[in-house]
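Notes for the structure review
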Amino acid sequence: QVTKTERDNPIVLRSALQLSCISRGACIIMGDQDEGGGGFVIIQGARAKVRLQGITFLNASETAVVVSKKAGLSKDGNPALEQVFCECHFFSNNGGEGGA
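Attention in this report is confined to the structure presented alongside it.

What counts, and at which threshold
- Residues numbered from 1 in each chain as written.
- Predicted model: local features only at pLDDT ≥ 70, side-chain atom pairs only at ≥ 80, totals over all residues.
- Heavy atoms only, no water.
- Disulfide = S-S within 2.5 Å.
- Buried < 20%, exposed > 50% of the residue type's maximum accessible area, 1.4 Å probe, protein only.
- Pairing = 2+ DSSP bridges.
- Helix = DSSP H or I, 4+ residues; strand = E, 2+ residues; numbered from the N terminus.
- Axes fitted to C-alpha atoms, helices over the stretch in contact; angles between N-to-C directions.

In this section: the state of the cysteines. Counting across every chain of the model gives 1 disulfide. Covalently, C21 is tied to C27 through a disulfide, its sulfur atoms 2.1 Å apart. Here the S-S torsion is close to 80°, and the disulfide linking C21 with C27 is therefore right-handed. With a relative accessible area of 28%, C27 lands in the partly exposed category. Sulfur of C86: no disulfide; nearest cysteine sulfur belongs to C88 and is 7.3 Å away. Of the residues examined, C86 reaches a relative accessible area of 22% and is grouped as partly exposed.

Right, dumping it as structure tokens:
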């Protein structure tokens, strides 16, 4: 379990990454109960190809995970790279419309 405060910057992912939790329910990114935690993860950039598996995002005071609309889009016409969330859970986050 990781507790994030408002003072901590979100993790920015710009390339290929697979982050998997092997123990069900054991991988939690949680916003601080008193301060909130801001956002947790931002996925952006033409080379972004991210797979998050089995992670719980809890108590973000903003959208927990933001995927930029250009994430995984190269300028050379190649097909877009996918951003995958598998068995992830989003609880008590304060994302805006369409956010989690």
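On the basis of which strands lie adjacent, the open sheet formed by 3 strands has the order β3-β6-β9 and parallel pairing. Looking at which strands have only one partner, the edges of the open sheet turn out to be β3 (16–20) and β9 (84–86). Each neighbouring strand pair of the sheet contributes to a mean axis angle of 5°, computed without reference to strand direction. Across 3 bridges, the pairing between strand β6 (residues 49–53) and β9 is parallel. Across the sheet, residue R51 finds its bridge partner in β9, namely V84.

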